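Breakdown of the fold
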Amino acid sequence: ARPENVGSAGILGIESSATFTLVAHARLVASATFTDARDTTAREAYAGKQLPLRPRYRFYARPEWRGLALGTSVSLGLYADMDATAGNFLDPASTRPVPARLLFGAGIYAALPAHFCLRLSARNLADARVHDLANYPLPGRELYLSLAWSSADPAPMRKE
């Protein structure tokens, strides 16, 4: 990818996210973005086309089961997630496409004493061979183990 100036563009979009608490320990987090980014220059090859590297939509959803007490000071949570991104183009004439992608992940975490959180997460569980917005290949299946500390009290996570 390389930067390129656009003579003029019309960009309309909306972005929204919501968190739904379904029952005491279950929730759904979802977010969506729609962007209509059109080239409005007089150049015939570009006019009216979606600007490169700006996909038209993106959607993320994450059902989660959280706050499962394990004794008095540890709580567990688990989740699955889905990330969908529309295809787009690498060039202003829309001749070099990048296909849409759909990725799935999952994880489990433990809220520990002293504001620590231990998390095991997996991304791209289906091992999809996809590319980012600039057409670079994304990794296949990924597995992460992390230990995090926060000064914020994680107690609300245990109570929900």
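Residues numbered from 1 in each chain as written. Predicted model: local features only at pLDDT ≥ 70, side-chain atom pairs only at ≥ 80, totals over all residues. Heavy atoms only, no water.

**Focus: the overall build of the chain**
For clarity, the cut-off: Helix numbering and strand numbering both begin at the N terminus, where a helix is a DSSP run of H or I of at least 4 residues and a strand a DSSP run of E of at least 2. Put simply, the radius of gyration uses C-alpha atoms, and a globule should come to 2.2 Å times the residue count raised to 0.38. Classification of residues uses two cut-offs on accessible area relative to the type maximum, computed with a 1.4 Å probe and protein chains only: under 20% is buried, over 50% is exposed, and between them is partly exposed. Here a residue-residue contact requires only that any non-hydrogen atoms of the pair lie within 4.5 Å. Calculation of accessible area relied on Shrake-Rupley with a 1.4 Å probe; when residues are assessed, cover is drawn exclusively from the protein chains displayed. Only four residue types enter the charge count: Lys and Arg as positive, Asp and Glu as negative, with His and the chain ends excluded. For this purpose, a charge sits on NZ of Lys, CZ of Arg, CG of Asp or CD of Glu.
Secondary structure summary: the chain contains 1 helix and 9 strands in total. For the chain, the α and β elements follow one another from N to C terminus as β-β-β-β-β-β-β-β-β-α. The C-alpha radius of gyration computed for the chain amounts to 20 Å, which surpasses the reference 15 Å derived for 160 residues by more than 25%, pointing to a less compact arrangement than a globule. Within the chain, buried positions represent 31% of all 160 residues. Once local pairs closer than 6 in sequence are excluded, the contacts in the chain between residues at least 24 apart make up 54%. Counting every atom, the chain has about 10,000 Å² of accessible surface; 62% of that belongs to carbon and sulfur. Within the chain, the 14 negative side-chain charges are centred at a point lying 3 Å from the centre of the 18 positive side-chain charges.

**With respect to unusual backbone geometry**
Residue Leu 53 is not a glycine yet carries a positive backbone phi of 65 degrees. Counting through the fold element by element, Leu 53 comes out in the loop between strand E2 (26-39) and strand E3 (57-70). By relative accessible area, which is 30% here, Leu 53 ends up partly exposed. Positive phi outside glycine occurs at Asp 127, with the angle close to 55 degrees. Mapped onto the fold, Asp 127 is located in the loop between strand E8 (116-123) and strand E9 (142-149). Note on Asp 127: relative accessible area 25%, which makes it partly exposed.

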